[in-house]
Amino acid sequence: MSVEVDYDCIVIGAGVQGSFTAYQLAKKNKKTVLLEQFVLPHSRGSSHGQTRIIRKAYEQDFYTHMMEECYELWAQLEREAGVKLYRQTGLLVMGPEYSQSYQLFKNTLQRNKVPTVILNRDNFRQHIPHVNLAEGDGALVDITAGVLYADRALKTVQGQFQKLGGVIRDTEKVTDITPGPVVTVSTSAGVYRAKSVVITAGPWANRLLAHTGLQLPLEVVKINVCYWKEKVPGSYDVKQRFPCFLQTEGEEAKEHIYGLPSNEYPGLVKICYHMGSETDPDQRDKQTDRSDIDILQRFIARSFPGLLPEPAVVESCMYTLTPDRHFVLDCHPDYSNIVFGAGFSGHGFKFGPIIGKLLCELSLGEVSSYDLSPFRIRRFQTKTKSAL
Ligand SMILES: Cc1cc2nc3c(=O)[nH]c(=O)nc-3n(C[C@H](O)[C@H](O)[C@H](O)COP(=O)(O)OP(=O)(O)OC[C@H]3O[C@@H](n4cnc5c(N)ncnc54)[C@H](O)[C@@H]3O)c2cc1C
Ligand SMILES: O=C(O)[C@@H]1CCCCN1
């Protein structure tokens with residue numbers, strides 16, 4: 001008896017990763033449906049908000065390499081859709097000069113010949129006014145970096161997917177997945193069958209994977225997205241060419257502190273701590289820990305004298321963290337036609353186009369364009385349990 005197949009592929013979750021995966025599949029003429037539990041657009045996951053950082057500055061070569069092609073793919077989408085999604089600002093990296101982290105950033109940029117300016121104490125103030133470089137910190141600028149217009153990017157890629165004949169069904173929560181040569185996906189509104197399924201459910205990844213007998217070592221944390229008011233309007237404005245920045249570690253903080261120039265809310269600068277407290281994605285607003293804001297206030301009082309050290313706006317977003325902070329891109333160990341992208345650990349937006357390409361390749365059983373070993377679930381070994 002043959003089982004009817006509705007689609008070549010079902011993609012679950014219309015955040016940045018699912019949307020780019022669906023788009024790549026449609027580009028390859030695959031009949032694809034993108035399922036989303038909420039009404040689109042929404043602000044309950046990880047991909048909402050106006051801005052994200054894009055950069056080549058990374059501690060590991062493999063991310064810098066992927067970003068080379070990824071910039072091309074972002075530009076291609078801009079051309080295809082006739083919209084502007086990227087604005088170059090540069091990324092200022094600051095950190096204790098002889099720390100491992102700062103040195104890794106510097107060496108990766110130099111090894112990969114990424115256009116970079118190394119600043120010293122004398123010229124720092126001239127290039128970066130209104131910022132105090134901490135004693136002992138080094139500073140450099142990744143010239144290629146900038147701001148991605150995130151909400152606009154999501155809308156654009158979803159629109160392009162639909163133009164290619166792709167189907168988006170929002171307000172359809174996936175409630176079950178039945179593996180097999182044809183995968184059956186049940187939702188709050190119906191049942192779909194496809195040759196393959198891609199799970200890109202962000203903070204809900206383990207809920208979905210549970211239907212396939214797999215659990216990943218993921219931790220979901222809530223991030224307080226803080227905006228800080230300029231004392232003199234314009235001091236840190238994108239139009240004044242103020243850069244994005246990343247403070248690797250320092251007096252105040254163990255984790256990175258990062259920021260983007262004033263852009264979406266005039267007079268307000270987005271500066272966040274790269275860590276938060278654990279949360280259930282369906283109960284995000286019940287997590288009210290603000291200890292990260294204390295850390296940010298101390299940092300801003302010391303390093304950003306032109307900002308009021310009291311957040312003017314606080315929004316929410318979630319990270320889905322893996323233990324090593326590297327992504328998960330893989331096939332299910334028991335069912336090669338179930339593919340997942342998860343654990344983007346607070347730095348996955350900029351990679352959207354390339355993640356989409358890689359998950360599309362995995363779901364079609366094609367050879368991957370990149371070495372996926374840093375992203376395979378094998379690396380978790382004992383921590384990954386397959387119940388089947
Ligand atoms: C504050 C903050 C700042 C960040 N800054 C940067 C940055 O500067 N640069 C950068 O590159 N990255 C950054 N990131 C990270 C980046 O935004 C994320 O890695 C990325 O958005 C993750 O996308 P996703 O598609 O995996 O998840 P999501 O956007 O959460 O998408 C998953 C989707 O799946 C849906 N879903 C879940 N369960 C179901 C179900 N059962 N049925 C149907 N649908 C379902 C959800 O509703 C959701 O829409 C930041 C993240 C945050 C929170
Ligand atoms: O992905 C990024 O570029 C930002 C800045 C650093 C911390 C994580 N998020």
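Here the residue index of a chain counts from 1 through its sequence in written order. Key to labels: chains lettered from A, ligands numbered from 1, both in the order written. For this predicted model, a pLDDT threshold of at least 70 governs which residues receive local features, and a threshold of 80 or more governs which side-chain atom pairs are given and counted, while totals over whole chains, interfaces and linings are taken from all residues.

Considerations on the sheet that holds strand β3 (residues 51-54)
Hydrogen bonding along the main chain pairs the strands of a sheet, whether they run parallel or antiparallel.
Turning to step 1, where the next piece is worked out: Pairing is antiparallel in the open sheet, where 3 strands are placed in the order β3-β8-β4. Both edges of this open sheet fall to β3 and β4 (86-88), since each of them pairs with a single strand only. The mean inter-strand angle of the sheet, taken between neighbouring strand axes irrespective of direction, is 30°.
Turning to step 2, where the next piece is worked out: At least two DSSP bridges between two strands are required for those strands to pair. In DSSP terms, a helix is any run of H or I states spanning at least four residues, a strand is any run of E spanning at least two, and both are numbered starting from the N terminus. Relative to strand β8 (residues 146-149), β4 runs antiparallel, the two sharing 3 bridges. Paired with Tyr-86 across the two strands is Leu-148, which belongs to β8. An axis is simply a line fitted to the C-alpha atoms; with a helix, the fit covers only the stretch in contact. Between two such axes, the angle follows the N-to-C directions and lies from 0 to 180 degrees.

Comments concerning the UniProt feature "domain: FAD dependent oxidoreductase" (unreviewed entry) in the chain
Turning to step 1, where the next piece is worked out: UniProt positions are given in the numbering used here, feature names are shortened, and annotations may be inferred rather than shown by experiment. The UniProt entry lists residues 8-362 under the feature "domain: FAD dependent oxidoreductase" (unreviewed entry), expressed in the numbering used here.
Turning to step 2, where the next piece is worked out: A distance of 13 Å separates the end C-alpha atoms of residues 8-362, which is 27% helix and 32% strand.

Structural notes on unusual backbone geometry
A negative phi angle characterises most non-glycine residues, just as the trans form characterises most peptide bonds.
Turning to step 1, where the next piece is worked out: Cis geometry is adopted by the peptide bond preceding Pro-41, which originates at Leu-40 and carries an omega value of -10°.
Turning to step 2, where the next piece is worked out: Counting through the fold element by element, Pro-41 comes out in the loop between β2 (32-35) and β3.
Turning to step 3, where the next piece is worked out: Look at His-130: it is not a glycine, yet its phi comes out positive at around 70°.
Turning to step 4, where the next piece is worked out: With respect to the helices and strands, His-130 occurs in the loop between α4 (121-127) and β7 (137-142).
Turning to step 5, where the next piece is worked out: Phi angles above zero are rare outside glycine, and Thr-171 is one such case at about 55°.
Turning to step 6, where the next piece is worked out: Along the chain, Thr-171 turns up in the loop between β9 (167-169) and β10 (174-178).
Turning to step 7, where the next piece is worked out: In this scheme the burial state of a residue depends on its C-beta neighbours within 10 Å: 20 or more other such atoms mean buried, 12 or fewer mean exposed, and anything in between means partly exposed; the C-beta positions come from the backbone. Here Thr-171 falls in the partly exposed class, since 14 other C-beta atoms lie within 10 Å of it.

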